Amino acid sequence: MKTLGASSSAGVPVVGRDALRILLIEDDLGDAVLVQEFLDEADLDAGLTVARSLAEARDLLAGSPSFHCVLVDLSLPDADGLDLLRKVLSLAPRAAVLVLTGLNDVQVGVAAVAAGAEDYLVKQEVEPALLARALRYALERKRAEESERELVEARLLSRENTRLAQGLLPVPRLRDDRLRHHTRYRPGHRRALLGGDFYDTIQTPDGAVHLMIGDVSGHGPDEASLGVRLRMAWRTLVLTGLTGGDLLSTLDEVLTLERWTEEIFTTLCMITIAPDQSHATVYRAGHPRPLLFDATTVEALPEADCGPALGLFPDAEWPASTVGLPGAWALMLYTDGLIEGRVGDGPRRLDTEGLLALARDALSDGLTGQDLLDALVAEAESLNGGGLTDDVAVLLVSGERR
């Protein structure tokens, strides 16, 4: 039989470090010896440490390793009653706390459990099997409580992150009721809410409509954060009147200042639609070609007139191209996550030509707006044999001249 030395005045650890770690807060070492005997007789793989006062328990609970269970007497030299219990609970919030006392008082027991104790044991009634069972049940209840607490915290964090992500996504500013705006956004990283893709749409007071979509190289929260900063910088620059190559040069400088390594670059496509919707000016910085829809057909914009991605070359330049717009038109900008999925089991990628074929089929089926975007993403995923692994952002703006 293992016993605790009667001369001990500090915490006394017993048995191996891999066992169940129990702290007994008890000033009567005779009772401590009895608890140790009960643990031995119950064949419970447990290591018992004894604290003879609240002050001693405080020091032990502040140390490492932590305890799985705490057995506390409600009468100590430096504290007693429910006030003692509450202090122990605050010192050991993750441990299963059981009251082990000589007070055979039902009301005190109820109050102890209400205060947070897992169980209330009367010393005169305790025997080995009862003590072992009470410890096991207390541990399982504590684990269940912890699991529930973590689940609640995870749900709250998820809701908070969702609100944050929604707040970071752009709100289009369009004054013209002839314009329609649709988007589809889906991070490629599992369980992420934001990816490195970003987009924005804003109509300036002169009536021009500015569209932009970009893709930060890499995946993860750092890339998502950089994408948000670039989007906000782009909108600010547009609102200050900066356009064209000057805007891209400034945005390139912002990227250079904000990125954490020189390997980070960003592809981007920027379009300005004239106030009368007769034409659009297109700038591409290493980005896939947009699609132009009219009432019956869809074409990809020409491959020519494309500059390098942002962040690659100092003093880079980005040529502009002008595209005429039909009476009823739609422009679709997208990131390469939409076209880099595979087609079947082979190595072939969807690419722009494959997306163009999907868009023509969707248009012939009469799909427009959000239905069109949803169908394109769904079909790309189907051809890929499952979800697309890269971030996907798609922006569709349509209008009709009066």
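Since the model is a prediction, treat every value here as computed from it, not as a measurement.

About the cut-offs
Residues numbered from 1 in each chain as written. Predicted model: local features only at pLDDT ≥ 70, side-chain atom pairs only at ≥ 80, totals over all residues. Heavy atoms only, no water. Salt bridge = Lys/Arg side-chain N within 4 Å of Asp/Glu carboxyl O. Helix = DSSP H or I, 4+ residues; strand = E, 2+ residues; numbered from the N terminus. Phe/Tyr/Trp six-rings, centres within 6.5 Å; stacked < 30°, edge-to-face > 60°. Buried < 20%, exposed > 50% of the residue type's maximum accessible area, 1.4 Å probe, protein only. Patch = residues over 30% accessible without salt bridge, like charges linked within 9 Å, V, L, I, M, F, W, Y side chains within 5 Å. Areas by Shrake-Rupley, 256 points an atom, 1.4 Å probe, with all protein chains shown as cover. Pairing = 2+ DSSP bridges. Right-handed = clockwise from strand over helix to strand, strands pointing away.

Student: How should I be thinking about the pattern of salt bridges in this particular structure?
Tutor: For side chains bearing opposite charge, pairing can occur when the charged atoms are close. Summed over all chains, the structure comprises 16 salt bridges. For E381, the salt bridge is made with R186, and the minimal N-O distance between the two is 2.4 Å. Here R186 lies in strand β8 (residues 180–186) and E381 lies in helix α9 (residues 369–384), a separation of 195 residues in the sequence. Salt-bridge contacts for E353 lead to R289; the nearest nitrogen and oxygen are separated by 3.4 Å. Of this pair, E353 sits in helix α8 (residues 351–364) while R289 sits in the loop between β12 (279–285) and β13 (291–293), placing them 64 residues apart in sequence. One salt-bridge network, in which partners are shared between bridges, spans E26, D31, D73 and K123.

Student: Which parts of the structure should I look at to understand the packing of aromatic side chains?
Tutor: Geometrically, a pair of aromatic rings is defined through the distance of the ring centres and the angle of the planes. If you walk through the whole model with that rule in mind, you get 1 aromatic pair. Between Y185 and Y199, the aromatic rings sit 6.0 Å apart at their centres with planes inclined by 55°, giving tilted as the arrangement. Highlighted residues: Y185 in strand β8 and Y199 in strand β9 (residues 197–203), separated in sequence by 14 residues.

Student: Is there a simple way to think about the environment of G386 in this case?
Tutor: You can see G386 is positioned in the loop between α9 and β17 (392–400). Overall, G386 belongs to the partly exposed group, its relative accessible area being 29%. Linking G386 and R342, residues 44 residues apart in sequence, is a C-alpha distance of 9.8 Å.

Student: Where do I start with a nonpolar patch on the surface in this structure?
Tutor: A cluster of nonpolar residues, F265, L312 and F313, forms a patch on the protein surface that exposes about 280 Å² of accessible area. Within the secondary structure, F313 sits in the loop between β14 (298–300) and β15 (320–324). Judged by relative accessible area, F313 falls into the exposed class, the value being 52%.

Student: What should I look at first to understand the pairing of strand β1 (residues 20–25) in this one?
Tutor: The side chains of a regular strand alternate between both faces of the sheet. Counting buried positions over the 6 residues of β1 gives 5, a clear majority of the element. As paired elements, β1 and strand β2 (residues 46–51) share 6 bridges and run parallel to each other. Residue pairing across strands places L24 opposite V50, the latter belonging to β2. What joins β1 to β2 is helix α1 (residues 29–41), and the crossover it makes is right-handed.

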